[in-house]
Structures are given as C-alpha cells and as structure tokens.
Amino acid sequence: MTERSSRVAVARKLTRRAGREKAGAFLAEGAQAVGEALTAHADGVLRVRDVFATEQPRHAEFLDRARAVSVPVHLVTERAAASLSETVTPQGLIAVCDLPDTELSAALAERPALVVVLVGVADPGNAGTVVRVADAAGAGAVLFAGDTVDAYNGKAVRASTGSLFHLPIARDRDVSAVLAACRAAGLRLVGADGYATGDLDTADRAGELAQPTAWVFGSEAHGLPDLVKSELDSTLRVPLYGRAESLNLATAAAVCLYASARAQRRREA
C-alpha cells in the first residue's frame, strides 16, 4: 500500500486536530504506543480501527497481536509510513485509534484521590509528559482545560509513552466548570505557582498533601492566570534549594504529584 492509497490518505488527515475531531480518531505511532493501544483494544477500553506497518521483522509481534483481536492490518511502503508520521525518524508502525469522548463526570466518577488539571498548556511534549507522570504517580485522571493543547496531538501521544491509554483524559474549554467538577468530586484544588507563599515542604508538614487533591498546572510561559488562582483552595511552590531559577512544567508536575502520592500513601498506611 502506497502513500497514494485512499486508506493512507484518510489516515493522514489525523495528523491535524481538525481531522482528528471530524473523524473521531487519532494516530499512535511506535512500538510502545501501538502495543498499549492494542492492549486497551483487547481489554475493551478503546477501539483500534487499523494498524499500518512496513514489512519489518520487528513489527511481526504487533501485527500478530492486531490480527488476534480482529484489527485490520495494512502493510505499507516506507514512504506511506513516513506520510503518517510526525517524527524525524518514522518508526513504520502506526495505529488508528478511536478518539475517546470522556466527559468530566465520567473521568471523576470513581472519585480519585489525585487528579491533574492542565490550564492553557501549549507545548504538546510537556502535556504528554505530564500525562506520563500522572500515570506513574497513580493519578486517577488528567483534565485538559481552557485553551490547552490537544491531548491527542501526535507529539503529545508520543510523549505520554502509552500512558494516554491508562487513565481517563477529559477536555473542557470551560476552566471554571473543570474546577467545579473537581471540587464536587471531593478534591482540594491546589495550584502550582512559583511565586506562592507556601511550599510543598510546609504543606506536607501541615498534612495538606495527604488530602484528595486536584493539582492545577498552568502554561510554561505564564503560569496560572490570576482569575484561575482565585478559584483555588491553595497555591504552592516547589522549594528550590540550589541556584536554578525555576523548573519546567513537566519536572515541577512530577515533584508535586509525587509529593501528594507519598503523603496519601503514608496516611493510608
């Protein structure tokens, strides 16, 4: 199958947000992402519509897995695979997956003790990495609020390294609605703010981090808007013990989420 094939041409439209939203599908590229997508498909969590692959021995395992769960497999040329890729070095293995349509209420239905809210985050690599961190820290959901980048952008999917398939992802352009849903689910709203008076250490000693928490993270360049901060219960900064001016979004998120995860587990123990 070549890059001129109608099936490849249709899949290529999914590299754009408008195409993903119109088709209700997105692309997952590479062994890690495709493997996780096929696992989710087998578990009934998400449907994989198609798998495209070049004729490489390393892809055989994934093609066998796809066929075993009745996912159509299409062998394509290197150029066709490259046309579906958004990377400098295409991996030659792509899955077309249903775009989840998860409502806020569904993402928070099990009342998770730890949730991530991204507000106005523009960089897809950072967003995807935060999804990965949230998964690793045991968070129950990641909520994309306001003008935050698309969670199913190709770079975001790659940066999540499969974690996108492990926990609910919900999107809502109304930031206040997202925060209200978190509060209704019993979560304390805590914003990460480099200029906050309180920090993680003082909050931990006070027992605040052990409470069910929705961590709210803002854009890399501007942080959280004052209007959003006014709706939060608290803002905290990561204490900097060295001479670094600041931490990037993904690193700060990792520190904050693990601080809460450890505190919550200590309380449970």
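Residues numbered from 1 in each chain as written. Predicted model: local features only at pLDDT ≥ 70, side-chain atom pairs only at ≥ 80, totals over all residues. Heavy atoms only, no water.

As annotated in an unreviewed UniProt entry, the protein carries the name TrmH family RNA methyltransferase and is attributed to Saccharopolyspora phatthalungensis. Under the UniProt heading Sequence similarities (unreviewed entry), the note attached to the protein is "Belongs to the class IV-like SAM-binding methyltransferase superfamily. RNA methyltransferase TrmH family." (UniProt positions renumbered as here; feature names shortened; annotations may be inferred.)

A count of helices and strands for the protein gives 12 helices and 10 strands. A compact globule built from 269 residues would reach a C-alpha radius of gyration of about 18 Å, and the protein, at 20 Å, matches this within 12%. In terms of overall dimensions, the protein has C-alpha extents of about 60 × 35 × 35 Å along its principal axes. Across the protein, contacts joining residues at least 24 apart in sequence account for 80% of those joining residues at least 6 apart. Within the structure as shown, the protein displays about 12,800 Å² of accessible surface, and the carbon and sulfur contribution to it stands at 49%. For the protein, the separation between the mean place of its 30 positive charges and that of its 32 negative charges on side chains is 3 Å. (Helix = DSSP H or I, 4+ residues; strand = E, 2+ residues; numbered from the N terminus. Rg over C-alpha atoms; globule rule 2.2 N^0.38 Å. Contact = heavy atoms within 4.5 Å. Areas by Shrake-Rupley, 256 points an atom, 1.4 Å probe, with all protein chains shown as cover. Lys, Arg positive; Asp, Glu negative; His and termini not counted. Charge placed at Lys NZ, Arg CZ, Asp CG, Glu CD.)

In space, the four strands of this open sheet follow the order β1-β4-β2-β3, with mixed pairing throughout. Looking along the sheet, the strands with just one partner apiece sit at the ends: β1 (25–29) and β3 (73–75). Within this sheet the neighbouring strands show an average axis-to-axis angle of 20°, counted without direction. Where β1 lies against strand β4 (residues 93–98), five bridges are found, and the strand directions are antiparallel. Counterpart to Leu27 in the pairing with β4 is Val96. Here helix α3 (residues 31–42) sits on the sheet in contact with β1, β2 (48–53) and β4, set at roughly 40° to β4. (Pairing = 2+ DSSP bridges. Axes fitted to C-alpha atoms, helices over the stretch in contact; angles between N-to-C directions.)

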